[in-house]
Amino acid sequence: MKAKSYDKLFDQYVHKKGIYESVVLIEKGTGETVFSKAYGGKDIDSPIIAASITKMFTAACIFILIQQGYITLNDSLLDFYEPAYLKGLHVYKGKDYSCELKISDLLCQTSGLADIYEEGKNSIKKQAVLSDTFISFDENMALTKEKEAHFPPNYKNNAYYADMNYNILGDMIEKVTQCSLERVFDQYIFSKINMTKTYLPVSEKEYIPMVYYGKKQLYRPQFIMCSKASGGCITSARDLMRFMQAFFRGELFDKKMLDSRPYRKLQLSMFPLCYGSGYMRIKMGGFATSFLGQGDLIGHSGSTGSFAFYYPDKELFYVGDFNQMKDPALPVRFVMQLAVSAP
């Protein structure tokens with residue numbers, strides 16, 4: 001796909017989808033820039049909300065701790081929490097599976113836990129659109145206990161996307177390292193690969209960008225700060241590109257760990273996304289891509305319109321942001337179209 005075609009597709013999305021600011025950066029695996037464009041005053045170094053791409057940072061830290069011998073994928077939540085604290089977290093058809101949950105269940109979204117971010121009339125996402133509220137880890141645990149799980153842990157080929165899986169992983173990382181998550185992220189990832197524009201904010205004194213919901217601009221620093229391991233990072237397109245290349249090239253951990261679990265289809269509302277060891281997969285050449293393309297897109301998207309994907313078949317990396325919460329599937333559709341048209 002020539003730069004002119006990338007340019008046309010980018011403009012179509014910006015002008016037809018109600019986008020007020022956006023940025024996209026495409027690079028080859030060699031680091032050569034294929035295409036770069038921004039809109040609404042943005043550039044590749046402008047702060048963007050990583051949102052759920054943060055889960056890949058959390059997954060990277062889990063892999064590093066495994067490699068260092070501190071934890072394993074088969075470690076139980078009982079290794080980190082008292083049974084009384086876990087009780088009622090995962091209840092399915094009257095049976096409590098809370099003490100059977102493992103790190104792998106959280107990492108691969110196979111725990112079956114309910115997604116309090118999206119589920120229900122008073123979901124956290126809906127609350128965040130209306131107002132800015134800090135919800136502590138203990139409160140997140142309590143809210144999850146109010147909802148029934150969707151299936152037993154690691155049941156058949158099931159996967160169910162839930163932010164709580166990664167909130168728990170983040171808390172575990174802090175327990176194992178005895179450091180704050182923002183310090184662990186910086187030590188294990190940001191400083192190591194020179195991500196100078198990326199941070200996990202812990203104070204409103206740190207810059208946190210606005211995000212659009214339709215035409216409305218939202219400033220939600222408390223919500224961002226309480227998301228931490230599941231969606232709290234602020235980054236830039238340039239930094240995100242550094243991370244994606246490091247993540248999939250084994251610069252942060254042994255990349256063999258990425259093949260530790262099979263991909264599983266997420267809930268129908270997230271079609272065509274599957275989940276593997278800490279990241280999403282979009283299978284090319286099927287119904288979702290009108291049977292065009294081949295291979296897989298692997299990476300993550302965020303509910304604020306952020307995206308970071310690797311296309312191994314073409315050795316291309318796509319990162320960027322549409323800064324629009326109203327249509328969280330928008331970046332996935334955009335990246336699929338980029339991949340289908342790749343030379």
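First, a word on what this report is: a plain description of the structure on this page.

So, how was this worked out
Residues numbered from 1 in each chain as written. Predicted model: local features only at pLDDT ≥ 70, side-chain atom pairs only at ≥ 80, totals over all residues. Heavy atoms only, no water. Helix = DSSP H or I, 4+ residues; strand = E, 2+ residues; numbered from the N terminus. Rg over C-alpha atoms; globule rule 2.2 N^0.38 Å. Buried < 20%, exposed > 50% of the residue type's maximum accessible area, 1.4 Å probe, protein only. Contact = heavy atoms within 4.5 Å. Lys, Arg positive; Asp, Glu negative; His and termini not counted. Charge placed at Lys NZ, Arg CZ, Asp CG, Glu CD. Polar contact = N/O pair within 3.5 Å; in protein donor to acceptor, adjacent residues only side chain to side chain. Core = buried A, V, L, I, M, F, W, Y, C linked by side-chain atoms within 4.5 Å.

On to the overall build of the chain, then. For the chain, the count of helices and strands is 11 helices and 14 strands. Since a compact globule built from 343 residues should have a radius of gyration of about 20 Å, the 19 Å found for the chain is in line with a globular shape. Its C-alpha atoms give the chain principal-axis dimensions of roughly 60 × 40 × 40 Å. Evaluated residue by residue, the chain yields a buried proportion of 57% over its 343 residues. Here the contacts in the chain between residues at least 6 apart in sequence split such that 68% fall between residues at least 24 apart. Across the chain, the 41 positively charged side chains and the 37 negatively charged ones have centroids separated by 7 Å.

With that settled, consider the side chain of S22. Within the element layout of this structure, S22 appears in strand β1 (residues 22–28). Only 2.8 Å separates the side chain of S22 from the backbone oxygen of D321, close enough to count as a polar contact. When near neighbours in sequence (up to four residues on either side) are disregarded, S22 contacts F10, V14, K37, A38, Y39, K42, D321 and F322.

This part covers unusual backbone geometry. The linkage connecting F271 with the following residue, P272, adopts the cis geometry, with an omega of 10°. For P272, the position within the fold is in the loop between β9 (264–265) and β10 (273–275). Although it is not a glycine, K228 sits at a positive phi angle of roughly 35°. Unlike most non-glycine residues, N323 shows phi in positive territory, near 45°. Secondary-structure assignment places N323 in the loop between β14 (316–321) and α11 (330–340).

A few words on the nonpolar core. Within the largest apolar cluster, 98 residues are counted, with the highest numbers of intra-cluster contacts made by I168, I189, F243, F247, F248, L297 and Y318. Broken down by element, this core gets its largest block of residues, 9 residues, from helix α2 (residues 54–67). In this view, F247 contacts M56, A60, F63, L252, F253, L258 and Y279; residues no more than four positions away in its chain are not counted.

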